[in-house]
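Report on the structure
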Amino acid sequence: SRVMVGAQTVHWETSGAYTGEVAGEMLTEIGVRYVVIGHSERRQYFGETDETVNLRLQAAQAAGLTPILCVGESKQQRDADETETLIVSQVEKALTNVDQSNLIIAYEPVWAIGTGKTASPADAQDAHAKIRGVLAELYSGDVAGATRIQYGGSMKPGNAGELMAQPDIDGGLIGGAALKAEDFAAIV
């Protein structure tokens, strides 16, 4: 099948007394190929930091998983014109000692998740271009250009085409719309 399974987090330790956490080897043992790391809800409700995101990214890759790094700003940060600074900082800190060739990045404006609001195609493109620019500074241009950068802020059938038509948006990290088969099929 071309369908692949992903998980919502991974712990940075391979074993030990970490109740509620899941090690990378546990995920690969059951066929998981991808893992979302740094999602805004993990950052907001479970205290994820840029440092723990980095540890999780390294652990995922060590276990043979492809991590999906989530970055994005809150409404307060957006209103304070901190989007670019925050995204650059999140990407730079997260990617320390991370293999860029085995990575997906998702720009998920926190203010759009679960709200039904979506960044305009131009704003989403600007954020994706900034992420790609950071990658080009950190890595060779070939790797930076080949990294998939997805949009993850309330993509729906009505806006998916316009968002994915942007030059630096390589797909979507679909949330709520994936719960309705009809909506998800329309996005696909």
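This section reports on the structure supplied with the text. (Residues numbered from 1 in each chain as written. Predicted model: local features only at pLDDT ≥ 70, side-chain atom pairs only at ≥ 80, totals over all residues. Heavy atoms only, no water.)

Moving on, we come to the overall build of the protein chain. If you tally the helices and strands in the protein chain, you get nine helices and five strands. In the protein chain, the succession of helices and strands from N to C terminus is β-α-β-α-α-β-α-α-β-α-α-β-α-α. Rg of the C-alpha trace for the protein chain: 16 Å, near the compact-globule value of 16 Å for 188 residues, within the 12% margin. Here the protein chain, with 188 residues, has 45% of them falling under the buried criterion. For the protein chain, the share of sequence-separated contacts (at least 6 apart) that also reach a separation of at least 24 residues comes to 69%. Of the roughly 9,800 Å² of accessible surface on the protein chain, a fraction of 50% belongs to carbon and sulfur atoms. Computing the positive centroid from 14 side-chain charges and the negative centroid from 25, the protein chain places the two 5 Å apart. (Helix = DSSP H or I, 4+ residues; strand = E, 2+ residues; numbered from the N terminus. Rg over C-alpha atoms; globule rule 2.2 N^0.38 Å. Buried < 20%, exposed > 50% of the residue type's maximum accessible area, 1.4 Å probe, protein only. Contact = heavy atoms within 4.5 Å. Areas by Shrake-Rupley, 256 points an atom, 1.4 Å probe, with all protein chains shown as cover. Lys, Arg positive; Asp, Glu negative; His and termini not counted. Charge placed at Lys NZ, Arg CZ, Asp CG, Glu CD.)

We now examine helix 3 (residues 50-62). Taking 1.5 Å per residue as the helical rise, helix 3 with its 13 residues ought to reach 18 Å, and the 18 Å between its terminal C-alpha atoms agrees with that figure. Residues of helix 3 that are buried include every one of Asp50, Thr52, Val53, Asn54, Arg56, Leu57, Ala59, Ala60 and Gln61, and no others. Positive backbone phi, at 90°, marks glycine 64, one or two positions downstream of helix 3. (Expected span 1.5 Å × (residues − 1).)

On the secondary structure map, serine 40 appears in helix 2 (residues 40-46). Residue serine 40 is classed as buried on the basis of its relative accessible area of 8%. With residues up to four places along the chain from it excluded, the contact list for serine 40 reads Glu108, Val110 and Ile113.

All right, on to the packing of aromatic side chains then. The way to describe two aromatic rings as a pair is by their centre distance and the angle between their planes. As enumerated under the stated definition, the model contains one aromatic pair in all. Ring geometry for tyrosine 107 versus tyrosine 151: centroids 6.2 Å apart, planes at 55°, classification tilted. One end of the pair, tyrosine 107, is in strand 4 (residues 104-107); the other, tyrosine 151, is in strand 5 (residues 148-151), with 44 residues separating them in the sequence. The exposure classification of tyrosine 107 matches that of tyrosine 151, with both residues buried. (Phe/Tyr/Trp six-rings, centres within 6.5 Å; stacked < 30°, edge-to-face > 60°.)

With that out of the way, let us pick up the environment of leucine 55. On the secondary structure map, leucine 55 appears in helix 3. Distance from leucine 55 to asparagine 97, taken between C-alpha atoms, is 9.4 Å for residues 42 residues apart in sequence.

All right, on to the pattern of salt bridges then. Going through the model one piece at a time under the given rule, you end up with ten salt bridges. For the salt bridge of glutamate 21 with arginine 56, the shortest nitrogen-to-oxygen distance reads 3.3 Å. Of the two residues, glutamate 21 sits in the loop between strand 1 (5-7) and helix 1 (24-29) while arginine 56 sits in helix 3, which places them 35 residues apart along the sequence. On the basis of relative accessible area, glutamate 21 is assigned to the partly exposed category, the value being 27%. In this structure arginine 56 comes out as buried when scored by relative accessible area, which is 4%. For lysine 75, the salt bridge is made with aspartate 79, and the minimal N-O distance between the two is 3.0 Å. Taken together, the residues span about one helical turn, with lysine 75 and aspartate 79 both in helix 4 (residues 75-79) at a distance of four residues. (Salt bridge = Lys/Arg side-chain N within 4 Å of Asp/Glu carboxyl O.)

For the rest of this paragraph, the subject is the nonpolar core. Counting 37 residues, the largest nonpolar core has Leu57, Leu69, Ile131 and Tyr151 as the members making the most contacts within it. Of all the elements in the fold, those that place two or more residues in this core are strand 2 (32-37), helix 3, strand 3 (66-71), helix 5 (83-94), strand 4, helix 6 (121-138), strand 5 and helix 8 (157-164). Tallying contributions element by element places helix 6 first for this core, with five residues. Setting aside residues no more than four positions away along its own chain, leucine 57 makes contact with Ile37, Pro67, Leu69, Ala94, Leu95, Val98 and Leu103. (Core = buried A, V, L, I, M, F, W, Y, C linked by side-chain atoms within 4.5 Å.)

Of all six residues making up strand 3, six are buried, and the element is well covered by its neighbours. Burial of the side chains of strand 3 extends over both faces: Thr66, Ile68 and Cys70 are buried on one face and Pro67, Leu69 and Val71 on the other. In the sheet, strand 2 pairs with strand 3 via four bridges, with the strands oriented parallel. For valine 36, the partnering residue across the bridge sits in strand 3 and is isoleucine 68. In terms of strand pairing, strand 3 meets strand 4 through four bridges, oriented parallel. The partner of leucine 69 across the bridge, within strand 4, is isoleucine 105. (Pairing = 2+ DSSP bridges.)

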